[in-house]
Each structure stands twice: as C-alpha cells, then as structure tokens.
Amino acid sequence: MSEQKPANDGANEFDLAHRLTRLAQVPMLIGLSVGMVLFLITFFVDIYDAVATYEFLDRKKTILLILNLLDMVFIANLVVMVANNTYNTFRLKSSAYGEGFIKESERAYRRMKHRIVSTIVIIASIHVLSELLEFSHVDPLQVAALLGFHVVLLATYVVTNVFRTND
C-alpha cells in the first residue's frame, strides 16, 4: 500500500502561520500596555504641573491644558481600541463559528475602523485648534500646513466612511 499524503497539508501550514502571527501580537499588546501606563503618568504630571505653577489661573493656558488633556484621552482611547481589536483578533477562531460569524466580524471590523478614523480626525482637530491658540509661537506656514493636512484628513474620512456605510 502506498502512503497517502494528508489532504489538508496546506490547511495545517496556514493554521501554523495563523497561530504564529497571532502570537507575534502578544509583545505588541504588552508594548501598548506599557505605553498606556507612561501616558497615564504624563497625564497626571501635566495636571500636577498646572496646579503647582498656578498656570490654571490663566484662561488661555487653562484652555490649552484642557485641549492637551483631551488630546491625551482620545489618544489613550485610540490605543485601547487598537489593543482590544488586536486582542480580539488574537482570540478569534473563525473556523469554529462559520460563515455568519465571519460576516459579523467583518461588520464589527468596519465599525471599529470607522471609530479609529473618527478618533484620529478628532485628535487632529484638537491639535490644529491648540496650534491656532498658540499662533504667536508658531510659524504661519506651519499652521497652513496643519490646516491643509486636516482638510485632507477630513476629506479622506468623508470619502471612506460617510459615503460607504452599510451598517
């Protein structure tokens, strides 16, 4: 009798590659967690500095501080969204759940992408606003470049998310 080669060798190789790819995400998740801890420390140091130096008594500096804190919160939320999505991808075993699960996962991925792009637009808006408030310290060409970048980002958001929502 001749030995038969298993018919699902390609599937086994794909499964191994899939598992190794998912395992490669673990150090990235750990790195994102460390980054979040550092960001949390920075958040509270900024608040402490504002209180310790009485900067919060100056209206413009308070507005800039709040914009900076909002920026940090949105960036932290972005990191959390990406980390959660990465973790869920790490755990995902679509073959065990069938076609319906895969379609639902694709819809969830599109919603997540929409949230991530929305958050990036908000972060860019906050950054542009804070630069405009500090206009005396910034080169007008730099402000024009920031505004141009923001317009391109908004146009990209509109084209990719507003005109193409199926959810």
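Residues numbered from 1 in each chain as written. Predicted model: local features only at pLDDT ≥ 70, side-chain atom pairs only at ≥ 80, totals over all residues. Heavy atoms only, no water.

The next subject is the packing of aromatic side chains. This structure, assessed with the given rule, holds two aromatic pairs. Relative to Phe44, the ring of Phe43 lies with its centre 5.4 Å away and its plane at 90°, an arrangement referred to as edge-to-face. Relative accessible area serves as the criterion here: at 51%, Phe44 is assigned to the exposed category. Taking 6.3 Å as the distance between ring centres and 40° as the angle between the ring planes, the aromatic pair formed by Tyr54 and Phe56 counts as tilted. Judged by relative accessible area, Tyr54 falls into the exposed class, the value being 55%. Residue class for Phe56 comes out partly exposed when judged on its relative accessible area of 39%. (Phe/Tyr/Trp six-rings, centres within 6.5 Å; stacked < 30°, edge-to-face > 60°. Buried < 20%, exposed > 50% of the residue type's maximum accessible area, 1.4 Å probe, protein only.)

Attention now goes to the layout of surface pockets. Of the volumes computed, that of the second largest pocket is approximately 270 Å³. Taken together, 13 residues line the second largest pocket, and the ones lying closest to its centre are Glu55, Lys61, Leu64, Leu65 and Glu134. For the lining of the second largest pocket, the secondary-structure elements that each account for two or more residues are α1 (9-52) and α2 (59-91). Looking at the lining of the second largest pocket element by element, the count peaks at five residues for α2. Residue composition of the lining of the second largest pocket, grouped by class: four nonpolar, three polar and six charged. (1 Å grid on protein atoms, 1.4 Å probe; cavity = no way out; pocket = protein on both sides within 12 Å on 5 of 7 lines; lining within 4 Å. Points joined across faces, edges and corners; volume = space filled by probe spheres on them. Helix = DSSP H or I, 4+ residues; strand = E, 2+ residues; numbered from the N terminus. Nonpolar A, V, L, I, M, F, W, Y, C, P; charged D, E, K, R; others polar.)

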